[in-house]
Amino acid sequence: KKIVAALAALTISASALMAPASAQDKKFTIALVPGLTTDGFYITMRKGAQAAADALGVNLVFQGAPDFNPVTQVPVLDAVIAKKPDAILIAPTDKVQLVEPLRKANDAGIPVITVDTFIGTGTYQTGAGEADFPLSYIASDNVLGGEIAARALATSIGDKGKVYVSNVKPGISTTDQREEGFKTEMAKHPNITVLETQFNDDDANKAASQLQAVFARNPDLVGVFGANLFSALGAANGVKQAGQTGTVKVVAFDAPTSIVDTINTGLVDVAIAQHPAEIGYFGVVSAYAHLTGHSIPVSIGTGFTIMDKSNIADPNISKYLYSE
Ligand code: T6T
(Lines give C-alpha, C1' and ligand atoms only; values in the text may rest on other atoms or scores of the structure.)
Protein backbone atom coordinates (compact mmCIF):
# COMPACT_ATOMS: atom_id res chain seq x y z
CA LYS A 1 0.00 0.00 0.00
CA LYS A 2 2.81 2.36 0.99
CA ILE A 3 4.57 1.78 -2.31
CA VAL A 4 1.37 2.46 -4.26
CA ALA A 5 0.80 5.71 -2.34
CA ALA A 6 4.42 6.82 -2.92
CA LEU A 7 4.14 6.04 -6.62
CA ALA A 8 0.89 7.96 -6.85
CA ALA A 9 2.51 10.97 -5.15
CA LEU A 10 5.42 10.81 -7.57
CA THR A 11 3.08 10.71 -10.56
CA ILE A 12 1.19 13.74 -9.27
CA SER A 13 4.31 15.79 -8.68
CA ALA A 14 5.74 14.80 -12.04
CA SER A 15 2.59 15.83 -13.88
CA ALA A 16 2.42 19.06 -11.90
CA LEU A 17 5.87 19.92 -13.25
CA MET A 18 4.76 19.49 -16.83
CA ALA A 19 2.86 22.18 -18.71
CA PRO A 20 -0.82 21.41 -19.39
CA ALA A 21 -1.25 19.17 -22.42
CA SER A 22 -2.98 21.92 -24.40
CA ALA A 23 -0.07 24.40 -24.12
CA GLN A 24 2.47 21.68 -24.78
CA ASP A 25 0.77 20.43 -27.91
CA LYS A 26 0.03 23.88 -29.27
CA LYS A 27 1.49 24.53 -32.70
CA PHE A 28 2.20 28.24 -32.83
CA THR A 29 1.52 30.27 -35.93
CA ILE A 30 3.94 33.13 -36.52
CA ALA A 31 3.27 35.62 -39.32
CA LEU A 32 6.11 37.32 -41.18
CA VAL A 33 5.08 40.50 -43.00
CA PRO A 34 7.97 41.66 -45.22
CA GLY A 35 8.54 45.15 -46.64
CA LEU A 36 7.57 43.64 -50.00
CA THR A 37 7.35 40.10 -51.35
CA THR A 38 9.45 40.38 -54.53
CA ASP A 39 12.78 41.44 -53.04
CA GLY A 40 15.70 39.01 -52.61
CA PHE A 41 16.36 40.53 -49.20
CA TYR A 42 12.97 39.45 -47.81
CA ILE A 43 12.95 36.18 -49.76
CA THR A 44 16.21 35.32 -47.97
CA MET A 45 14.80 36.50 -44.65
CA ARG A 46 11.85 34.15 -45.19
CA LYS A 47 14.23 31.21 -45.72
CA GLY A 48 15.95 31.90 -42.40
CA ALA A 49 12.58 32.24 -40.69
CA GLN A 50 11.38 28.97 -42.24
CA ALA A 51 14.51 27.15 -41.04
CA ALA A 52 13.80 28.22 -37.46
CA ALA A 53 10.08 27.44 -37.83
CA ASP A 54 10.89 23.90 -39.06
CA ALA A 55 13.30 23.33 -36.18
CA LEU A 56 10.75 24.50 -33.62
CA GLY A 57 7.60 22.98 -35.14
CA VAL A 58 6.11 26.40 -35.79
CA ASN A 59 3.72 27.24 -38.62
CA LEU A 60 5.18 30.23 -40.52
CA VAL A 61 2.90 32.41 -42.61
CA PHE A 62 4.56 34.82 -45.08
CA GLN A 63 2.23 37.53 -46.27
CA GLY A 64 3.20 40.85 -47.80
CA ALA A 65 2.51 43.48 -50.42
CA PRO A 66 4.04 43.64 -53.91
CA ASP A 67 5.67 47.01 -53.27
CA PHE A 68 7.42 48.81 -50.40
CA ASN A 69 4.63 51.14 -49.36
CA PRO A 70 2.55 51.64 -46.18
CA VAL A 71 -0.57 52.11 -48.33
CA THR A 72 -0.33 48.51 -49.53
CA GLN A 73 1.29 47.06 -46.39
CA VAL A 74 -1.37 48.21 -43.91
CA PRO A 75 -4.28 46.23 -45.51
CA VAL A 76 -2.05 43.14 -45.54
CA LEU A 77 -1.28 43.69 -41.86
CA ASP A 78 -4.99 44.14 -41.07
CA ALA A 79 -5.75 40.83 -42.79
CA VAL A 80 -2.98 39.13 -40.83
CA ILE A 81 -4.26 40.53 -37.51
CA ALA A 82 -7.78 39.30 -38.34
CA LYS A 83 -6.43 35.74 -38.52
CA LYS A 84 -5.05 36.10 -34.97
CA PRO A 85 -1.58 34.57 -35.33
CA ASP A 86 0.33 33.90 -32.10
CA ALA A 87 2.94 36.52 -33.01
CA ILE A 88 3.74 38.97 -35.80
CA LEU A 89 7.19 39.66 -37.25
CA ILE A 90 7.06 42.70 -39.50
CA ALA A 91 9.34 45.01 -41.48
CA PRO A 92 7.35 48.25 -41.14
CA THR A 93 7.56 50.31 -44.34
CA ASP A 94 7.34 53.64 -42.49
CA LYS A 95 8.53 54.70 -39.01
CA VAL A 96 5.35 56.69 -38.31
CA GLN A 97 2.60 55.32 -40.53
CA LEU A 98 2.80 51.77 -39.17
CA VAL A 99 2.53 52.76 -35.50
CA GLU A 100 -1.27 52.82 -35.23
CA PRO A 101 -1.86 49.76 -37.45
CA LEU A 102 0.60 47.79 -35.30
CA ARG A 103 -0.94 49.06 -32.08
CA LYS A 104 -4.11 47.22 -33.17
CA ALA A 105 -2.16 43.96 -33.12
CA ASN A 106 -0.67 44.75 -29.74
CA ASP A 107 -4.11 45.72 -28.34
CA ALA A 108 -5.47 42.40 -29.63
CA GLY A 109 -2.81 40.63 -27.53
CA ILE A 110 -0.62 39.64 -30.47
CA PRO A 111 3.09 40.13 -29.66
CA VAL A 112 4.88 42.27 -32.26
CA ILE A 113 8.58 42.05 -33.17
CA THR A 114 9.99 44.27 -35.90
CA VAL A 115 12.59 42.89 -38.28
CA ASP A 116 14.86 44.94 -40.58
CA THR A 117 13.00 48.24 -40.03
CA PHE A 118 11.55 49.80 -36.87
CA ILE A 119 8.72 52.09 -35.79
CA GLY A 120 9.19 55.23 -33.68
CA THR A 121 12.80 55.47 -32.57
CA GLY A 122 13.43 51.74 -32.60
CA THR A 123 14.08 51.73 -28.86
CA TYR A 124 11.38 49.48 -27.46
CA GLN A 125 10.02 48.46 -24.05
CA THR A 126 11.26 51.53 -22.19
CA GLY A 127 7.85 52.88 -21.22
CA ALA A 128 8.68 56.05 -23.13
CA GLY A 129 6.97 57.11 -26.31
CA GLU A 130 3.96 55.92 -28.22
CA ALA A 131 5.74 53.35 -30.33
CA ASP A 132 7.76 51.33 -27.86
CA PHE A 133 5.36 48.37 -27.59
CA PRO A 134 7.15 45.94 -29.94
CA LEU A 135 9.06 43.34 -27.93
CA SER A 136 12.23 43.35 -29.97
CA TYR A 137 14.00 44.82 -33.01
CA ILE A 138 16.16 42.46 -35.05
CA ALA A 139 18.25 44.04 -37.81
CA SER A 140 21.55 45.20 -39.26
CA ASP A 141 23.20 48.25 -37.71
CA ASN A 142 22.19 50.57 -40.51
CA VAL A 143 24.05 53.68 -39.29
CA LEU A 144 27.23 51.62 -39.24
CA GLY A 145 26.35 50.25 -42.70
CA GLY A 146 26.14 53.80 -44.06
CA GLU A 147 29.51 54.64 -42.51
CA ILE A 148 31.08 51.54 -44.05
CA ALA A 149 29.63 52.55 -47.43
CA ALA A 150 31.07 56.05 -47.13
CA ARG A 151 34.54 54.78 -46.26
CA ALA A 152 34.44 52.34 -49.17
CA LEU A 153 33.33 55.04 -51.61
CA ALA A 154 35.92 57.51 -50.28
CA THR A 155 38.64 54.92 -50.92
CA SER A 156 37.32 54.17 -54.43
CA ILE A 157 37.36 57.84 -55.48
CA GLY A 158 40.75 58.71 -53.97
CA ASP A 159 39.08 60.69 -51.18
CA LYS A 160 37.93 63.59 -53.37
CA GLY A 161 35.12 64.71 -55.66
CA LYS A 162 31.34 64.84 -55.93
CA VAL A 163 29.08 61.98 -54.85
CA TYR A 164 25.42 61.53 -53.92
CA VAL A 165 23.09 59.05 -52.23
CA SER A 166 20.46 57.21 -54.27
CA ASN A 167 17.79 56.49 -51.68
CA VAL A 168 14.23 55.13 -51.47
CA LYS A 169 12.13 57.76 -49.68
CA PRO A 170 12.27 59.51 -46.32
CA GLY A 171 10.57 57.83 -43.35
CA ILE A 172 12.05 54.34 -43.72
CA SER A 173 14.21 53.62 -40.67
CA THR A 174 16.87 51.54 -42.42
CA THR A 175 17.55 53.74 -45.43
CA ASP A 176 17.28 56.95 -43.36
CA GLN A 177 19.94 55.58 -41.02
CA ARG A 178 22.20 54.47 -43.87
CA GLU A 179 22.09 57.99 -45.32
CA GLU A 180 22.76 59.45 -41.88
CA GLY A 181 25.79 57.18 -41.32
CA PHE A 182 27.05 57.92 -44.83
CA LYS A 183 26.85 61.69 -44.33
CA THR A 184 28.40 61.59 -40.85
CA GLU A 185 31.39 59.72 -42.22
CA MET A 186 31.69 61.89 -45.35
CA ALA A 187 31.78 65.01 -43.15
CA LYS A 188 35.21 63.76 -42.08
CA HIS A 189 36.41 63.85 -45.71
CA PRO A 190 36.94 67.56 -46.53
CA ASN A 191 37.59 67.04 -50.24
CA ILE A 192 34.39 65.10 -50.87
CA THR A 193 31.16 66.97 -51.67
CA VAL A 194 27.89 65.13 -51.05
CA LEU A 195 25.25 66.40 -53.49
CA GLU A 196 21.51 66.35 -52.79
CA THR A 197 19.99 62.89 -52.19
CA GLN A 198 17.82 61.50 -55.00
CA PHE A 199 14.71 59.56 -53.89
CA ASN A 200 13.55 56.80 -56.25
CA ASP A 201 10.54 55.18 -54.47
CA ASP A 202 12.28 51.78 -54.63
CA ASP A 203 12.13 51.96 -58.43
CA ALA A 204 15.41 50.94 -60.09
CA ASN A 205 14.45 52.59 -63.39
CA LYS A 206 13.88 55.87 -61.62
CA ALA A 207 17.24 55.50 -59.86
CA ALA A 208 18.91 54.93 -63.26
CA SER A 209 17.40 58.06 -64.85
CA GLN A 210 18.24 60.09 -61.75
CA LEU A 211 21.89 59.02 -62.06
CA GLN A 212 21.95 60.28 -65.62
CA ALA A 213 20.28 63.56 -64.66
CA VAL A 214 22.73 64.15 -61.79
CA PHE A 215 25.63 63.32 -64.11
CA ALA A 216 24.30 65.72 -66.77
CA ARG A 217 24.23 68.52 -64.17
CA ASN A 218 27.59 67.46 -62.64
CA PRO A 219 29.92 66.00 -65.29
CA ASP A 220 32.56 65.83 -62.56
CA LEU A 221 30.47 63.34 -60.54
CA VAL A 222 32.75 60.56 -59.28
CA GLY A 223 30.59 58.33 -57.10
CA VAL A 224 27.20 57.18 -55.92
CA PHE A 225 25.98 55.22 -52.89
CA GLY A 226 22.92 53.07 -53.63
CA ALA A 227 21.30 52.80 -50.20
CA ASN A 228 19.32 49.63 -50.90
CA LEU A 229 19.00 46.88 -53.48
CA PHE A 230 16.88 48.72 -56.07
CA SER A 231 18.65 52.06 -55.54
CA ALA A 232 22.01 50.38 -56.08
CA LEU A 233 21.08 48.28 -59.11
CA GLY A 234 19.34 51.29 -60.64
CA ALA A 235 22.21 53.68 -60.01
CA ALA A 236 24.67 51.13 -61.42
CA ASN A 237 22.55 50.78 -64.56
CA GLY A 238 22.47 54.55 -64.86
CA VAL A 239 26.26 54.66 -64.71
CA LYS A 240 26.46 52.00 -67.43
CA GLN A 241 23.91 53.76 -69.66
CA ALA A 242 25.85 57.01 -69.26
CA GLY A 243 28.98 55.18 -70.45
CA GLN A 244 30.73 55.90 -67.15
CA THR A 245 31.53 52.38 -65.94
CA GLY A 246 34.62 52.56 -63.75
CA THR A 247 34.66 56.39 -63.87
CA VAL A 248 31.64 56.98 -61.65
CA LYS A 249 32.20 54.55 -58.76
CA VAL A 250 29.28 52.68 -57.24
CA VAL A 251 28.98 51.36 -53.69
CA ALA A 252 25.90 49.18 -53.27
CA PHE A 253 23.92 48.28 -50.18
CA ASP A 254 22.50 44.73 -50.46
CA ALA A 255 23.64 41.73 -52.46
CA PRO A 256 21.22 40.24 -55.00
CA THR A 257 22.80 37.55 -57.20
CA SER A 258 23.00 40.03 -60.08
CA ILE A 259 25.50 42.08 -58.08
CA VAL A 260 28.20 39.50 -58.92
CA ASP A 261 28.37 40.46 -62.59
CA THR A 262 28.38 44.16 -61.78
CA ILE A 263 31.33 43.62 -59.43
CA ASN A 264 33.24 41.44 -61.89
CA THR A 265 32.80 43.95 -64.72
CA GLY A 266 33.92 46.85 -62.53
CA LEU A 267 30.53 48.59 -62.57
CA VAL A 268 30.10 48.19 -58.78
CA ASP A 269 33.19 48.55 -56.59
CA VAL A 270 31.82 47.30 -53.28
CA ALA A 271 28.57 45.65 -52.16
CA ILE A 272 27.54 45.55 -48.52
CA ALA A 273 25.55 42.36 -47.95
CA GLN A 274 23.21 42.21 -44.98
CA HIS A 275 22.42 38.88 -43.34
CA PRO A 276 18.65 38.69 -43.83
CA ALA A 277 18.48 34.92 -43.18
CA GLU A 278 19.82 35.56 -39.67
CA ILE A 279 17.23 38.29 -39.15
CA GLY A 280 14.43 35.86 -40.08
CA TYR A 281 15.89 33.01 -38.05
CA PHE A 282 16.30 35.06 -34.88
CA GLY A 283 12.88 36.63 -35.44
CA VAL A 284 11.15 33.26 -35.23
CA VAL A 285 13.35 32.03 -32.37
CA SER A 286 12.62 35.20 -30.38
CA ALA A 287 8.87 35.01 -30.97
CA TYR A 288 8.87 31.33 -29.97
CA ALA A 289 10.92 32.03 -26.85
CA HIS A 290 8.46 34.74 -25.83
CA LEU A 291 5.46 32.52 -26.51
CA THR A 292 6.92 29.77 -24.35
CA GLY A 293 7.53 32.05 -21.39
CA HIS A 294 11.14 33.11 -21.87
CA SER A 295 12.50 36.63 -21.84
CA ILE A 296 14.02 37.90 -25.07
CA PRO A 297 16.55 40.64 -25.94
CA VAL A 298 14.97 43.97 -26.83
CA SER A 299 17.33 44.22 -29.78
CA ILE A 300 19.43 41.79 -31.78
CA GLY A 301 22.01 43.02 -34.28
CA THR A 302 23.10 40.99 -37.30
CA GLY A 303 26.22 41.56 -39.36
CA PHE A 304 27.45 42.53 -42.80
CA THR A 305 29.68 40.92 -45.40
CA ILE A 306 31.65 43.30 -47.60
CA MET A 307 31.97 42.04 -51.18
CA ASP A 308 34.35 43.21 -53.88
CA LYS A 309 36.30 41.83 -56.84
CA SER A 310 38.97 40.34 -54.58
CA ASN A 311 36.64 38.08 -52.57
CA ILE A 312 33.38 37.58 -54.48
CA ALA A 313 34.42 34.12 -55.76
CA ASP A 314 35.10 32.85 -52.22
CA PRO A 315 32.22 30.56 -51.15
CA ASN A 316 32.47 31.91 -47.59
CA ILE A 317 31.61 35.33 -49.02
CA SER A 318 29.24 34.40 -51.85
CA LYS A 319 27.06 32.39 -49.45
CA TYR A 320 25.73 35.77 -48.29
CA LEU A 321 24.33 36.60 -51.74
CA TYR A 322 20.54 36.80 -51.48
CA SER A 323 18.16 34.13 -52.79
CA GLU A 324 15.96 34.85 -55.79
O1 T6T B 1 17.81 47.04 -47.93
C2 T6T B 1 16.75 46.15 -47.74
C3 T6T B 1 16.08 46.47 -46.43
O4 T6T B 1 17.03 46.44 -45.40
C5 T6T B 1 15.43 47.85 -46.50
O6 T6T B 1 14.74 48.11 -45.33
C7 T6T B 1 14.52 47.96 -47.69
O8 T6T B 1 15.19 47.59 -48.86
C9 T6T B 1 15.74 46.29 -48.87
O10 T6T B 1 14.71 45.36 -48.73
C11 T6T B 1 16.42 46.00 -50.22
O12 T6T B 1 15.56 46.17 -51.29
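Up top is the structure.
Since this is a predicted model, take the numbers as computed values, not measurements.

**Student:** Tell me about the overall build of the chain, residues and numbers included.
**Tutor:** Helix and strand counts for the chain come out as 12 helices and 13 strands. Expressed as a percentage of the 324 residues in the chain, the buried residues total 52%. Partitioning the intrachain contacts of the chain with sequence separation of at least 6 by distance along the chain shows that 72% fall at a separation of at least 24. Here the chain contributes 24 positive and 31 negative side-chain charges, whose respective centroids are spaced 5 Å apart.

**Student:** Lay out the sheet that holds strand 12 (residues 299–302) with the relevant residues and their values.
**Tutor:** Ordered by their spatial adjacency, 6 strands build an open sheet running 2-1-3-4-5-12, and the pairing between neighbours is parallel. Two strands bound the open sheet, and with one partner strand each, they are strand 2 (59–62) and strand 12. Averaged over all neighbouring strand pairs, the angle between strand axes comes to 15°, with direction disregarded. Inspection of the sheet shows strand 5 (residues 136–140) paired to strand 12 by 4 bridges, in the parallel sense. Looking at strand 12, one finds that Ala139 is bridged to Gly301. Against the sheet, helix 11 (residues 276–291) engages strand 1 (29–33), strand 2, strand 3 (87–90), strand 4 (112–115), strand 5 and strand 12, with an angle of about 165° to strand 5.

**Student:** Break down unusual backbone geometry for me, with residues and values.
**Tutor:** Even without a glycine there, the phi angle at Asp116 is positive, about 70°. Of note, Asp116 is situated in the loop between strand 4 and strand 5. Residue Asp202 is not a glycine yet carries a positive backbone phi of 65°. Its location among the elements puts Asp202 in the loop between strand 8 (198–199) and helix 8 (204–217).

**Student:** Tell me about the nonpolar core, and please be specific about residues and values.
**Tutor:** Grouped together as the largest cluster of nonpolar side chains are 55 residues, with contacts concentrated most on Leu32, Leu221, Ile259, Val284 and Met307. What Val284 contacts, discounting residues up to four positions off in sequence, is Ile30, Ala49, Ala52, Ala53, Leu56, Leu60 and Leu89. One finds Val76, Ile81, Val112 and Ala131 within the second-largest nonpolar core, a separate group that totals 23 residues.

**Student:** Can you lay out the site of the ligand for me, pointing to particular residues and giving the numbers?
**Tutor:** Taken together, the neighbourhood of the ligand is formed by 13 residues, with Asp39, Asp116, Thr174, Arg178 and Asp254 sitting nearest. Asp254 is positioned with one of its side-chain polar atoms (N or O) 2.6 Å from an oxygen atom of the ligand. For the ligand, an oxygen atom lies 3.0 Å from a polar atom in the side chain of Gln274. Summarising the interface, the protein chains cover 99% of the accessible area of the ligand, which totals 300 Å² for the free molecule. Listed by contribution, the elements that provide at least two residues to the shell around the ligand are helix 3 (40–56), helix 7 (173–186) and helix 9 (229–241).

**Student:** Got a sec to walk through the environment of Pro70? Specific residues and values, please.
**Tutor:** By the secondary structure assignment, Pro70 is in helix 4 (residues 70–82). Since its relative accessible area comes to 7%, Pro70 is described here as buried. Taking the C-alpha atoms as reference points, Pro70 and Gly35, 35 residues apart in sequence, are found 8.8 Å from one another. The contact partners of Pro70, leaving out residues within four places of it in the chain, are Pro75, Thr93, Asp94, Gln97 and Leu98.

Calculation rules
- Residues numbered from 1 in each chain as written.
- Predicted model: local features only at pLDDT ≥ 70, side-chain atom pairs only at ≥ 80, totals over all residues.
- Heavy atoms only, no water.
- Helix = DSSP H or I, 4+ residues; strand = E, 2+ residues; numbered from the N terminus.
- Buried < 20%, exposed > 50% of the residue type's maximum accessible area, 1.4 Å probe, protein only.
- Contact = heavy atoms within 4.5 Å.
- Lys, Arg positive; Asp, Glu negative; His and termini not counted.
- Charge placed at Lys NZ, Arg CZ, Asp CG, Glu CD.
- Pairing = 2+ DSSP bridges.
- Axes fitted to C-alpha atoms, helices over the stretch in contact; angles between N-to-C directions.
- Core = buried A, V, L, I, M, F, W, Y, C linked by side-chain atoms within 4.5 Å.
- Near = heavy atom within 4 Å.
- Polar contact = N/O pair within 3.5 Å; in protein donor to acceptor, adjacent residues only side chain to side chain.
- Areas by Shrake-Rupley, 256 points an atom, 1.4 Å probe, with all protein chains shown as cover.

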